[in-house]
Amino acid sequence: MADLRVDGADWLLTLDRDRRVITDGAVAVAGGRIVAVGKTAEVAAQHPAQRVISARGKVVTPGLVDSHIHTTFQMSRGLADEVGSKRFLFERMYPYEAALEEADALASIRLCALELLKNGVTTFIDAGNYHPHLTAEVAGAAGMRCVVARSSFDVAASAMGVLPPSFIETTEQALARAEDVVQKLHGAHDGRVHAWLQFRGLNNSTDRLIVELKRLADRYGVGVQTHACFARDTMEASQAKHGVTEIARLARLGVLGPNVLLIHVGWATDEELELLRRYDVTCVAAPSSSLHNAYGNIAHGHIPELLEAGVAVGLGSDHASSGVVDLCQEMFLVAGGYKEVRTSPEVLPPERVLEMATLNGARCAQRAGEIGALEVGRRADLVLFDTARPEWQPLYNPVANLVYSATGRSVDTVIVDGRVLVEGGRALTLDEGAIIEEARRRAPGILARTKLGELVAPKWPVI
């Protein structure tokens, strides 16, 4: 007897080894894992279930993996428009983050988890923040999977700017606090929460911090992540201070490897691209972030080449301050962006992009073989998209529709570990009304403490 069976999917995108697309497909679940995938008649006959969900009129996919999201930045939407990399970080986002009270951070994380979940994300990798216990608590209680980490800096000033005083800590403090998070949170909430190490940016991290964080990651069997090569500014700052570009510096320190996750990598040199391939480093593309802040990661980036070389590149929505927290839209942006700058419609076909949001995301999260596909033995993380919507019709190729025309608003049902978290487009494990009301209530205080009011006010007259 199965716990749950999803029956009658118009299209079932398995993302299995053969990349099967099953019409009139079904998935049976027991003990949080998939026990059968196939035609509805066959699966139903062999696996009677306590609960059956009809997927008629639906496209079913594996749960989406957002491989890079700042959960505490959700309340920053609208605070960092029309600014480049230096001003974005040191005039807007760092002051915003430093001004957050714990209750603000909690409201932000809840709002972020709600948006991710309703848009079909079942697993996310938090980029690192100063409240990782809150991120773990919110995601864990909501039934989601996540990676959390504590932000680590030990260089107060760089060519990019000066950190807020509350961010400044010694190398020893950064290492001890980061390790404490791994010890306390890794494996929480029935293993759905993983805790990693993180150094927030290379130009604000000493060699010792980087080397020791990697050593801790290896010791605990977890990942280590950082932003890398996301703008010309960061590349030039690294060259000026260290004599090498960012990924080349990591190679010189001997810290590259399969448990390293690098975010953006848009300005990586040819030498650095080869290092990523050689050391099997996982990477994340965050197209909306680059497009919003004009980082140049698509114009100068090499995501198609990295994918062809076998590098696991996932997709991340990065943060609400760039507007989009919807992995469906990120799929379109990365595909369309590279087609445009390469003037080639064949670059990044939709099948490859969907792999970025599922299978590659699983590898980025160090969960390859566990999530990312609908196969027997994997965790039962599924998304049902409602195709009775204009953006899904006509439906000749479900992969193309999903990448090129759908958004997360068409998500009907989300399942994690065989547990239904979203049904009929409504979140069951998060109080949507209360979360939105709390965000509205706290926003004026955040704006006042950041002192950004005049900078972000509407340009047109408000009467």
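Structural notes, computed from the coordinates. (Residues numbered from 1 in each chain as written. Predicted model: local features only at pLDDT ≥ 70, side-chain atom pairs only at ≥ 80, totals over all residues. Heavy atoms only, no water.)

1. Here's the deal with the packing of aromatic side chains
Then, in step 1: One pass over the structure, following the stated rule, counts 9 aromatic pairs.
Then, in step 2: Summarising the aromatic geometry, the rings of Y94 and F167 are spaced 5.6 Å apart at their centres and angled 75° between planes, so their arrangement reads as edge-to-face. Residue Y94 is located in helix α2 (residues 85–99), and its partner F167 is located in the loop between β12 (161–162) and α5 (171–185); the two are separated by 73 residues in the primary sequence.
Then, in step 3: Relative accessible area serves as the criterion here: at 3%, F167 is assigned to the buried category.
Then, in step 4: Geometrically, the ring pair formed by F385 and W392 is tilted, given 5.9 Å between the ring centres and 45° between the ring planes. Just as F385 is buried, W392 falls in that class too.
Then, in step 5: Here the aromatic residues F90, Y94, Y130, F153 and F167 are joined through ring pairs into a cluster of three or more. (Phe/Tyr/Trp six-rings, centres within 6.5 Å; stacked < 30°, edge-to-face > 60°. Helix = DSSP H or I, 4+ residues; strand = E, 2+ residues; numbered from the N terminus. Buried < 20%, exposed > 50% of the residue type's maximum accessible area, 1.4 Å probe, protein only.)

2. Some thoughts on the pairing of strand β16 (residues 260–264)
Two faces belong to every sheet, and in a regular strand the side chains alternate between them.
Then, in step 1: Where burial is concerned, most of β16 is hidden: 5 out of the 5 residues are buried.
Then, in step 2: Pairing analysis gives 5 bridges linking strand β15 (residues 224–228) to β16, with the strands arranged parallel. Each bridged residue has a counterpart across the sheet, and for Q225 the counterpart in β16 is L261.
Then, in step 3: Both β16 and strand β17 (residues 282–285) contribute to a ladder of 3 bridges, which runs parallel. The residue bridging L262 from the neighbouring strand is C283, located in β17.
Then, in step 4: In this fold, β16 hands off to helix α9 (residues 270–278), which returns the chain to β17; that crossover is right-handed. (Pairing = 2+ DSSP bridges. Right-handed = clockwise from strand over helix to strand, strands pointing away.)

3. As for the pairing of strand β19 (residues 382–386)
Then, in step 1: The element β19 is largely enclosed, with a buried count of 4 among its 5 residues.
Then, in step 2: As paired strands, strand β7 (residues 58–62) and β19 are joined by 5 bridges and run antiparallel to one another. Residue V59 lies in a different strand from β19, and its bridge partner there is F385.

4. Considerations on the packing of helix α12 (residues 327–342) against helix α13 (residues 350–357)
Then, in step 1: One can describe the packing of α12 onto α13 by two numbers: an axis separation of 10 Å at closest approach and a directional angle of 135°. Taken as axis vectors, α12 and α13 run oblique relative to one another. The handedness of the crossing between α12 and α13 comes out as right-handed. Between α12 and α13, the residues in contact are L327, M331, V334 and A335 and V353, L354, M356 and A357, respectively.
Then, in step 2: Taken together, the residues that form the contact of α12 with α13 break down as 8 nonpolar, no polar and no charged. (Axes fitted to C-alpha atoms, helices over the stretch in contact; angles between N-to-C directions. Parallel < 35°, antiparallel > 145°, perpendicular 65-115°, else oblique. Left-handed = near helix turned anticlockwise from the far one by under 90°. Contact = heavy atoms within 4.5 Å. Nonpolar A, V, L, I, M, F, W, Y, C, P; charged D, E, K, R; others polar.)

5. Brief notes about unusual backbone geometry
Then, in step 1: Look at the link from Q393 to P394: it is a cis peptide, with omega at -10°.
Then, in step 2: Within the fold, P394 resides in the loop between β19 and α15 (398–404).
Then, in step 3: One non-glycine residue, D280, lies in the positive phi region at around 55°.
Then, in step 4: Although it is not a glycine, T343 adopts a positive phi angle of roughly 45°.
Then, in step 5: Counting through the fold element by element, T343 comes out in the loop between α12 and α13.

6. A word on α9
Then, in step 1: Among all positions in α9, only E272, L273, L275 and L276 are buried. All buried residues of α9 fall inside an arc of 155° around its axis, so they share one side. Away from its buried face, by an angle of more than 90 degrees, α9 presents the exposed residues D270 and E271.
Then, in step 2: Buried residues along α9 sit against α8 (246–253), β16, β17 and α11 (303–308).
Then, in step 3: After α9 finishes, the residue D280 shows a positive phi value of roughly 55°. (Arc of directions from axis to C-beta.)

7. Describing the sheet that holds strand β14 (residues 197–201)
The strands making up a sheet associate through backbone hydrogen bonding, with each pair oriented either parallel or antiparallel.
Then, in step 1: Read across the open sheet, the 5 strands follow the order β14-β15-β16-β17-β18; overall the sheet is parallel. The open sheet terminates on both sides in strands that have one partner only, identified here as β14 and β18 (313–315). Direction aside, neighbouring strands of the sheet carry axes that sit 25° apart on average.

8. Points about the side chain of N401
Then, in step 1: As for its placement among the helices and strands, N401 is situated in helix α15.
Then, in step 2: Here N401 falls in the buried class, since its relative accessible area comes to 11%.

9. Notes on the pattern of salt bridges
Then, in step 1: Summed over the entire model, instances satisfying the criterion amount to 35 salt bridges.
Then, in step 2: E355 serves as the salt-bridge partner of R19, at 2.9 Å between the closest nitrogen and oxygen. One end of the pair, R19, is in the loop between β2 (11–13) and β3 (21–22); the other, E355, is in helix α13, with 336 residues separating them in the sequence.
Then, in step 3: With relative accessibility at 38%, the residue R19 sits in the partly exposed group.
Then, in step 4: Accessibility expressed as a relative area gives 16% for E355, which makes it buried.
Then, in step 5: The closest approach of N and O atoms between R378 and E375, which form a salt bridge, is 2.9 Å.
Then, in step 6: The exposure class assigned to E375 is buried, which follows from its relative accessible area of 16%.
Then, in step 7: Overlapping salt bridges bring together E101, D104, E438, R441, R442 and R449 as one network. (Salt bridge = Lys/Arg side-chain N within 4 Å of Asp/Glu carboxyl O.)

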